[in-house]
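The lines below spell out each chain.
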Amino acid sequence: MNKLNFLSPDKNNLYAYLYSGISLFFLSILIVFLNSFFSLDLTSFLPGTISYFLPLIIGFIGLHLIRIEYSGIKFLDITNKNINTNKFNALLSLLIIFAVIKSLPPLLSWFIIDANFAGDSKDACSGSGACWAYIKTWFNRFMYGMYPNAEQWRINLSFIALAFLGGVGFFATEKFKKYLTLYYVVIYPIIAFLFIFFFISGGPIFFDFSYGIIAAVISIIIGFFIPSKFKMYYFLIIPITIYILLKYIFFYEELIELGKIQAFEWVETGAWGGLSLTFIVSFFCLIFCFPVGLFLSLGRRSDLPIIKYISIGFIEFWRGVPLITVLFMSSVMFPMFLPEDMFIDKLVRVIIAISLFEAAYVAEVIRGGLQALPRGQYDAAKSLGMGYWKMHIFVILPQALKLVIPGIANTFLALVKDTPLIFVVGLLEIVGMLNLAKTNPEWLGFAMEGYVFASIVFFIICYAMSKYSYNLEQKYKTER
Amino acid sequence: MPDKIIQIKEMNKWFGDFQVLKNINLDVEKNKKIVVCGPSGSGKSTLIRCINRLEEHQEGSIVVDGTELTEETKNIEHIRAEVGMVFQQFNLFPHLSILDNCTLAPIWVKKMPKKDAEALALKHLEKVQIADQAYKYPGQLSGGQQQRCAIARALCMEPKIMLFDEPTSALDPEMIKEVLDAMVNLAKAGMTMIVVTHEMGFAKEVADEVIFMDEGMIVEQAETKEFFANPKSDRTKLFLSQIL
């Protein structure tokens, strides 16, 4: 009977089983730990194969002994429930623990113990570990690309300003809350585009931006005298009209003169690069592809055949071609179709190309959400007298978009990780800069450090995005 | 001459090749309560969905409050705002609170100031006795409460006609009563109502006229007492014998 009891632990001799099980379990971990960190082989007296598997066997027996259901000890129950439900799970848990212990020493030594942190040339890196001096030396290039050092404050300032403008939503008062969507979908992208493009690139063209500012200020002042009924349309139409009037009719000559004044040093987009370019490209692609995708998804479900088939054609076209081809086309083929004197910057073309490409994916994701809504929601909205746009803005889209937050986050993450592909048109963001740096004759042989660095940077960006999307999901969860 | 608020003449409707409604003629006078009954698939729901043009009819004419329902969009939204509808599945907007469900259409369709809309919504929620739930979300309410909120939501548009599409079919027996009570109160207040329902008790209590439909046709249309006391067609007799 005793022997049988030993095979199936129960509550009667709880502590006997518990202590023996735990000590066996920790013994197995200790054996692996000593072996891995200090190269001590405690079980060398045993034949090779048995010595090799001994920790696994001991640990397995240990976990078997502590597998007692409803023991009443909280920690034990949690452990059993999570890593020790049956023999197979116990085996898997042990293997994972051992794998982690085994892989820690080489990782630690490469990353920290044997790594070189100081120095500013290749000679400083003599150890067998990572050469972080390489990253340190090139850090500025990885962040800003070929952008002149003296002008980098412009990039920093733009990012800070945009972050601030983006955070406006958190401080909006109740009165302005209903305009927030309009602000984020239409106004913010335009401001951001003007800001980044004209401020960071600088030069005479910066004054184009000032027309925009004048137009915005005038329209806001007039806006106070407009009845609230028309405000929605007003803020869309007037600023653009004033901008065009200012630029082409009223002050055309004067502003041409003014425009010739050099405000900032002109930095052509070819010199932009590094992580800041990653941010710029992914940021603009994100905010441009979303509205385009939204309209495409609505268009694809439209009752009007022309809109429907144009949308379908557009979506299927962009989904059917590889991104790398699209980028090539945008930079090589597209300018051929433009008139001689017309020039669109390479970066702008790339951003438009990626935006349209991703918009097709976003459209299909959103369409999934639209289809998931029961028809009753459409019926209810219609029966209350809402037209197409009111129904979609207030009833359908809020629900559909909430449903597809995970899918959109997925697409956006893929977009961010696709940005390195812009190297095919000669724009070097962070991975492109790494590739450039690793071929520098003075710094040959540190590709590994570079890629590890880029992975960490991308992981931080993407993990933050995925966390944010999860928070959004939780925030808008109202059902049940 | 009594005021005919809905006039349907020789209306036909097809879903593809299948004819769902055959030669429907129906006049509804103001403040009348009409109950439509019949076996499932007989076209009852389709008929009332045609009245606010959630479904389009192919032949004949439907005139609601003096306006004929045609292809013109503006016209249709105007009519829909005057015709309230309550659905079998409630169809509340789950992302909005009960109060917002009720104020959404008055604010954005009727351009009512927010404060007035909220006061109106609370008034109607009070009428159906769920004013205390105003700040909850539909998912937190029971089926009966949700359906009463749906009634309040339709009432907030101050419609001239109310359509009910099997409002109690998705509810427990206990909750049916609270919804029917709300509907009875509404009927007593003088609303013009067209109700598709299997609740014959409700029909007897409230309806002025009962319409029996089968296979897309109006088989029998009679005053309530007449309808239950001596139904004319055999099909109606069979139906009544099964349901009562």
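Residues numbered from 1 in each chain as written. Chains lettered and ligands numbered in written order. Predicted model: local features only at pLDDT ≥ 70, side-chain atom pairs only at ≥ 80, totals over all residues. Heavy atoms only, no water.

Let's talk about the overall build of chain A
Here's step 1: If you tally the helices and strands in chain A, you get 21 helices and one strand.
Here's step 2: Of all 480 residues assigned to chain A, the portion counted as buried reaches 44%.
Here's step 3: Considering only residue pairs separated by 6 or more positions, chain A has 71% of its internal contacts joining residues 24 or more positions apart.
Here's step 4: Carbon and sulfur atoms provide 71% of the accessible area of chain A, an area that totals close to 26900 Å². (Helix = DSSP H or I, 4+ residues; strand = E, 2+ residues; numbered from the N terminus. Buried < 20%, exposed > 50% of the residue type's maximum accessible area, 1.4 Å probe, protein only. Contact = heavy atoms within 4.5 Å. Areas by Shrake-Rupley, 256 points an atom, 1.4 Å probe, with all protein chains shown as cover.)

Some points on the interface of chain B and chain A
Here's step 1: With 25 residues of chain B at the contact, the number on the chain A side is 22 residues.
Here's step 2: When residues of chain B are sorted by the area they lose upon contact with chain A, B:Phe93, B:His95 and B:Trp108 head the list and together hold 26% of the total.
Here's step 3: Here chain B and chain A share two salt bridges between them.
Here's step 4: There are seven residue pairs in polar contact (both at pLDDT 80 or more) connecting chain B and chain A.
Here's step 5: Going through the elements one at a time, α2 (73–82), β6 (83–86), α3 (98–108) and α5 (143–155) of chain B are the ones with two or more residues in the side of chain B that touches chain A. (Buried area = accessible area lost by both parts, 1.4 Å probe. Salt bridge = Lys/Arg side-chain N within 4 Å of Asp/Glu carboxyl O. Polar contact = N/O pair within 3.5 Å; in protein donor to acceptor, adjacent residues only side chain to side chain.)

So, the side chain of B:Gln133
Residue and element names in this part refer to chain B.
Here's step 1: Along the chain, the position of Gln133 falls in the loop between α4 (114–127) and α5.
Here's step 2: For Gln133, a relative accessible area of 10% puts it in the buried group.
Here's step 3: Beyond its immediate stretch of four places on either side in the chain, Gln133 contacts Ile98, Leu141 and Gln145.

Quick look at the pattern of salt bridges
Opposite charge on two side chains lets them pair, provided their charged atoms get close.
Residues and elements named next belong to chain A.
Here's step 1: In the structure shown here, the tally under the stated rule is 17 salt bridges over all chains.
Here's step 2: A salt bridge links Arg367 to Glu364, with the shortest nitrogen-to-oxygen separation between them at 3.0 Å. With Arg367 and Glu364 both in helix α16 (residues 346–372), this residue pair falls three residues apart, about one helical turn.
Here's step 3: Within this structure, Arg300, Glu316, Arg319, Glu364 and Arg367 form a network of salt bridges that share partners.

Side note on the nonpolar core
Soluble globular proteins tend to bury their nonpolar side chains together.
Here's step 1: Residues A:Tyr134, A:Phe142, A:Trp272, A:Ile354 and B:Ile8 are the most contacted members of the largest nonpolar core, which totals 126 residues.
Here's step 2: By size, the runner-up hydrophobic cluster in this structure holds 51 residues, among which are B:Ile107, B:Leu125, B:Ala134 and B:Val206. (Core = buried A, V, L, I, M, F, W, Y, C linked by side-chain atoms within 4.5 Å.)

Here's the deal with the domain arrangement of chain A
Here's step 1: Partitioning chain A into structural domains gives domain 1 (14–113), domain 2 (138–147 + 268–475) and domain 3 (204–261).
Here's step 2: When each unit is reduced to the centre of its C-alpha atoms, the spacing between domain 1 of chain A and domain 2 of chain A is 46 Å. (Domains from an automatic or database assignment.)

Concerning the pairing of strand β8 (residues 192–196) of chain B
All names here are of chain B.
Here's step 1: Extensive coverage of β8 is indicated by the burial of five of its five residues.
Here's step 2: Of the two faces of β8, the one carrying Thr192, Ile194 and Val196 and the one carrying Met193 and Val195 are both buried.
Here's step 3: Where strand β3 (residues 33–37) lies against β8, four bridges are found, and the strand directions are parallel. Residue pairing for β8: Ile34 is matched across the bridge by Ile194.
Here's step 4: Here five bridges tie strand β7 (residues 161–165) to β8, and the two strands are oriented parallel to one another. Considered in β8, the bridge of Met162 is made with Met193.
Here's step 5: At this point the chain moves from β7, through helix α6 (residues 173–188), to the parallel β8, and the crossover so formed is right-handed. (Pairing = 2+ DSSP bridges. Right-handed = clockwise from strand over helix to strand, strands pointing away.)

Regarding helix α18 (residues 388–403) of chain A
Here's step 1: A maximum bend of about 50° is found in α18(A) at A:Ile396, where proline A:Pro398 lies one to four positions downstream.
Here's step 2: Residues A:Met391, A:His392, A:Phe394, A:Val395, A:Ile396, A:Leu397, A:Gln399, A:Ala400 and A:Lys402 constitute the buried set of α18(A).
Here's step 3: Buried residues along α18(A) sit against α13 (274–300), α16, α17 (375–383) and α19 (405–418) of chain A together with α3 of chain B. (Bend = angle between axes of the 7 residues up to and from the residue.)

Quick look at the sheet that holds β6(B)
Remark on secondary structure: sheet strands pair via backbone hydrogen bonds, oriented parallel or antiparallel.
Residue and element names in this part refer to chain B.
Here's step 1: The sheet built from six strands is open, its strands ordered β6-β7-β8-β3-β9-β10 with mixed pairing. Whereas interior strands pair on both sides, the edge strands pair on one side only; in this sheet they are β6 and β10 (217–223). Adjacent strand axes in the sheet meet at a mean angle of 15° when their direction is disregarded.
Here's step 2: Of the pairings in the sheet, the one linking β3 to strand β9 (residues 209–214) comprises four bridges and is parallel in character. Across the sheet, residue Ile34 finds its bridge partner in β9, namely Glu209.
Here's step 3: Lying on the sheet, helix α1 (residues 44–51) is in contact with β3, β6, β7, β8 and β9; it crosses β7 at an angle near 150°.
Here's step 4: Lying on the sheet, helix α9 (residues 234–243) is in contact with β3, β9 and β10; it crosses β9 at an angle near 100°. (Axes fitted to C-alpha atoms, helices over the stretch in contact; angles between N-to-C directions.)

With respect to α6(B)
All names here are of chain B.
Here's step 1: When the terminal C-alpha atoms of α6 are compared, their 23 Å separation across 16 residues agrees well with the 22 Å that a helix rising 1.5 Å per residue should span.
Here's step 2: Among all positions in α6, only Ile176, Val179, Leu180, Ala182, Met183, Val184, Leu186 and Ala187 are buried.
Here's step 3: On its buried side, α6 packs onto β3, α5, β7, β8 and α7 (200–206). (Expected span 1.5 Å × (residues − 1).)

Digging into the sheet that holds strand β1 (residues 4–15) of chain B
Residues and elements named next belong to chain B.
Here's step 1: With antiparallel pairing, the four strands of this open sheet are ordered in space as β2-β1-β4-β5. At either end of the open sheet lies a strand with only one pairing partner, and these are β2 (18–29) and β5 (67–68).
Here's step 2: Bridge count for strand β4 (residues 59–64) against β5 is two bridges, and the pairing is antiparallel. Considered in β5, the bridge of Val64 is made with Thr67.
Here's step 3: On top of the sheet, α1 reaches β1, β2 and β4; it is set at about 120° to β1, its chief contact.

Details of the environment of B:Asn12
All names here are of chain B.
Here's step 1: Along the polypeptide, Asn12 turns up in strand β1.
Here's step 2: Accessibility expressed as a relative area gives 11% for Asn12, which makes it buried.
Here's step 3: Residues Asn12 and Val83 lie 71 residues apart in sequence; the distance between their C-alpha atoms is 21 Å.
Here's step 4: In this structure Asn12 touches Gln19, Leu21, Lys22, Asn23, His57, Gln58 and Glu59, once residues within four positions along its chain are discounted.
Here's step 5: Polar contacts involving the side chain of Asn12 include one to the main-chain amide nitrogen of Asn23, which spans 2.7 Å.

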